[in-house]
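For reference, the chains in residue letters:
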Amino acid sequence: MGQEHAKPDTVGPAVWGGRLEDGTERSSKGRAQGFRLKMTVVLVQNGTHFTVLVKNSDSTPRKLQAGVPQGGILAPIIFVLYMNDIPQVRNIMISLYADDTAILSQGKTPDKAIVPLQNYIKNLEAWLVRWKIKLNVDKTEAILFNKKNDDWPKVKVYGTPIEWKKEVKYLGVVLDKQLNFRAHTSLIKEKYNKAFRAQYSLICRNSSLNLNNKVLIYLAYLRPILTYASPIWACTARSNLRSIQVLENKTLRMIANARWYHRNIDVRNALNVPSLQQFIQKLAKIFYGKLPDINNPEITKIPVYDHNDKQNRKRPRMTISL
């Protein structure tokens, strides 16, 4: 007849993180009463059915009216097709990465950016209702990239005003309202110190691990934390970059068991590890070099950057210095 696949602690159909949530209420009620709910998906010739297991009792099979089980092979493809007709209007840019969505509006003044954004949100709300998509308003954040701290009108989602944040986090990068990335560098140092403590017993001076493996731990596990998305945020102030470089210097000196009279540049040369400045420049050159080949209409709108123009904001591709 078919195959059975069990997914513990899940009830009802769900697509890509709870796109269809008609089983959520039953799941929460079952846990409140001390039951353990379990969904068993049965694939039969006539379609997909599921049953609910409460302790040792099965419910009668119910047909899935829409969607696929969460974690299914078809879920990513169906999600892309499902989101393909999301409303798109002129002067509003939509950035989608899985189920993380960013909506960007720009204007010469905040008012000229906020009004089109609010109008678009109204169209988006109608689209969400039409396709029965539930938006988590509590996790929705708004930020106004502006140097002034004036009290601008708030955008509303389903009638709920969204407070303007001083900084938001998107895809692991903290964006502050002035785009100085000071908050992001603080996050980098916090993450790095946590990961460093986890690996301390392996890379400390008294560790019996050989030198090559210590360097490998830094290059494969620790350095990516320092350089994640660096082509974007490496235009931050030099003081922020130096504070990150200090973390690398301390780590490499510990790995090499360097003494106080050993210079940092000599330690890096002995370990054959380029400086953070050189590595970020390499990543930035690769990143900006690939942009012209990407078939994305929003990327093609990015102005051509001339690093010889002193009035331009410096980018790490050519001019980063620590």
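Residues numbered from 1 in each chain as written. Predicted model: local features only at pLDDT ≥ 70, side-chain atom pairs only at ≥ 80, totals over all residues. Heavy atoms only, no water.

- Going by what an unreviewed UniProt entry lists, the protein is known as RNA-directed DNA polymerase from mobile element jockey and is assigned to Araneus ventricosus.

1. As for the overall build of the protein
Right, on to step 1. Along the backbone of the protein there are eleven helices and 13 strands.
Right, on to step 2. Summed over its atoms, the accessible surface of the protein is roughly 21300 Å², and 53% of this surface lies on carbon and sulfur atoms. (Helix = DSSP H or I, 4+ residues; strand = E, 2+ residues; numbered from the N terminus. Areas by Shrake-Rupley, 256 points an atom, 1.4 Å probe, with all protein chains shown as cover.)

2. Structural notes on the confidence of the model for the protein
Right, on to step 1. Predicted confidence across the protein gives a mean pLDDT of 78, with 77% of residues reaching 70 or more.
Right, on to step 2. Note that residues 1–46 has pLDDT below 50 and, in this model, 98 contacts with residues that lie over four places away or in other chains.
Right, on to step 3. This model gives residues 317–322 a pLDDT under 50, and the stretch forms 22 contacts once residues within four places in sequence are excluded. (pLDDT = per-residue confidence, 0-100. Contact = heavy atoms within 4.5 Å.)

3. Overview of the packing of aromatic side chains
Each pair of aromatic rings is reported with the distance of its centres and the angle of its planes.
Right, on to step 1. This model, assessed by the stated rule, comprises five aromatic pairs.
Right, on to step 2. Summarising the aromatic geometry, the rings of Trp260 and Tyr261 are spaced 5.5 Å apart at their centres and angled 85° between planes, so their arrangement reads as edge-to-face.
Right, on to step 3. Taking relative accessible area as the criterion, Trp260 reaches 77% and is therefore assigned exposed.
Right, on to step 4. Centroid distance Phe287 to Tyr288: 5.1 Å. Interplanar angle 75°. Geometry classified as edge-to-face. (Phe/Tyr/Trp six-rings, centres within 6.5 Å; stacked < 30°, edge-to-face > 60°. Buried < 20%, exposed > 50% of the residue type's maximum accessible area, 1.4 Å probe, protein only.)

4. Regarding the nonpolar core
Right, on to step 1. Residues Tyr218, Leu226 and Trp233 are the most contacted members of the largest nonpolar core, which totals 27 residues.
Right, on to step 2. Sorting the residues of this core by element identifies α4 (182–203), α5 (211–227), α7 (238–256), α8 (264–271) and α9 (276–290) as the ones contributing at least two each.
Right, on to step 3. The leading source of residues in this core is α7, at six residues.
Right, on to step 4. Leu226 has contacts with Ile188, Tyr192, Tyr218, Trp233, Ile244, Leu247, Glu248 and Leu276, leaving out every residue within four places of it along the chain. (Core = buried A, V, L, I, M, F, W, Y, C linked by side-chain atoms within 4.5 Å.)

5. Some points on α9
Right, on to step 1. In this model α9 runs 21 Å from its N-terminal to its C-terminal C-alpha over 15 residues, within 8% of the 21 Å that 1.5 Å per residue would give.
Right, on to step 2. Buried within α9 are the following residues: Leu276, Phe279, Ile280, Gln281, Ala284 and Tyr288. (Expected span 1.5 Å × (residues − 1).)

6. Comments concerning the side chain of His184
Right, on to step 1. Relative to the elements of secondary structure, His184 occurs in helix α4.
Right, on to step 2. Residue classification places His184 among the buried residues on the basis of a relative accessible area of 2%.
Right, on to step 3. If near-sequence neighbours (up to four positions away) are discounted, His184 is found in contact with Gly172, Val173, Val174, Tyr228 and Trp233.

7. Structural notes on the pairing of strand β12 (residues 167–170)
Right, on to step 1. With four bridges joining them, β12 and strand β13 (residues 173–176) adopt antiparallel strand pairing. Paired with Tyr170 across the strands is Val173, a residue of β13.
Right, on to step 2. Hairpin geometry of β12 and β13 is characterised by an intervening segment of two residues between the two adjacent antiparallel strands and by a positive phi of about 55° at Leu171. (Pairing = 2+ DSSP bridges.)

8. Looking at the pattern of salt bridges
It is possible for side chains of opposite charge to pair when their charged atoms get near one another.
Right, on to step 1. Summed over the entire model, instances satisfying the criterion amount to two salt bridges.
Right, on to step 2. Of the charged contacts in the structure, one is a salt bridge between Lys154 and Glu163, with a shortest N-O distance of 3.9 Å.
Right, on to step 3. Residue class for Glu163 comes out partly exposed when judged on its relative accessible area of 48%.
Right, on to step 4. With its nearest N and O atoms 3.1 Å apart, the salt bridge here joins Arg263 to Asp266. (Salt bridge = Lys/Arg side-chain N within 4 Å of Asp/Glu carboxyl O.)

9. Remarks on the packing of α5 against α9
Right, on to step 1. As a packed pair, α5 and α9 sit with axes 11 Å apart at the nearest point and diverge in direction by 70°. With respect to their mutual orientation, α5 and α9 come out roughly perpendicular. The segment α5 lies against α9, with Arg223, Leu226 and Thr227 engaging Leu276, Phe279, Ile280 and Leu283.
Right, on to step 2. Here the residues of the contact of α5 with α9 are counted per class, giving five nonpolar, one polar and one charged. (Axes fitted to C-alpha atoms, helices over the stretch in contact; angles between N-to-C directions. Parallel < 35°, antiparallel > 145°, perpendicular 65-115°, else oblique. Nonpolar A, V, L, I, M, F, W, Y, C, P; charged D, E, K, R; others polar.)

10. Quick notes on the environment of Trp164
Right, on to step 1. If you trace the backbone, Trp164 turns up in strand β11 (residues 164–165).
Right, on to step 2. Residue classification places Trp164 among the partly exposed positions, given a relative accessible area of 22%.
Right, on to step 3. With ten residues separating them along the chain, Trp164 and Lys154 place their C-alpha atoms 7.0 Å apart.
Right, on to step 4. Filtering out sequence-adjacent residues up to four positions away, Trp164 remains in contact with Ile114, Ala142, Ile143, Leu144, Trp152, Pro153, Lys154 and Val155.
Right, on to step 5. One polar contact links the side chain of Trp164 to the main-chain carbonyl oxygen of Trp152, over a distance of 3.5 Å. (Polar contact = N/O pair within 3.5 Å; in protein donor to acceptor, adjacent residues only side chain to side chain.)

11. Some thoughts on the packing of α4 against α7
Right, on to step 1. It is the contact of α4 with α7, at a shortest axis distance of 10 Å, that shows an interaxial angle of 5°. In terms of orientation, α4 lies roughly parallel with respect to α7. Facing α4, whose interface residues are Arg182, Thr185, Ile188, Lys189, Tyr192, Asn193, Phe196, Tyr200 and Ile203, α7 presents Asn240, Ser243, Ile244, Leu247, Thr251, Met254 and Ile255.
Right, on to step 2. Its residues placed into classes, the contact of α4 with α7 shows nine nonpolar, five polar and two charged.

12. Overview of α5
Right, on to step 1. Compared with an ideal rise of 1.5 Å per residue, which puts 17 residues at 24 Å, α5 spans 22 Å between its outermost C-alpha atoms and is within 8% of the ideal.
Right, on to step 2. Within α5, the axis deviates most sharply at Leu219, by approximately 35°.
Right, on to step 3. Looking at the buried side of α5, the elements it contacts are α4, α6 (230–233), α7, α8 and α9. (Bend = angle between axes of the 7 residues up to and from the residue.)

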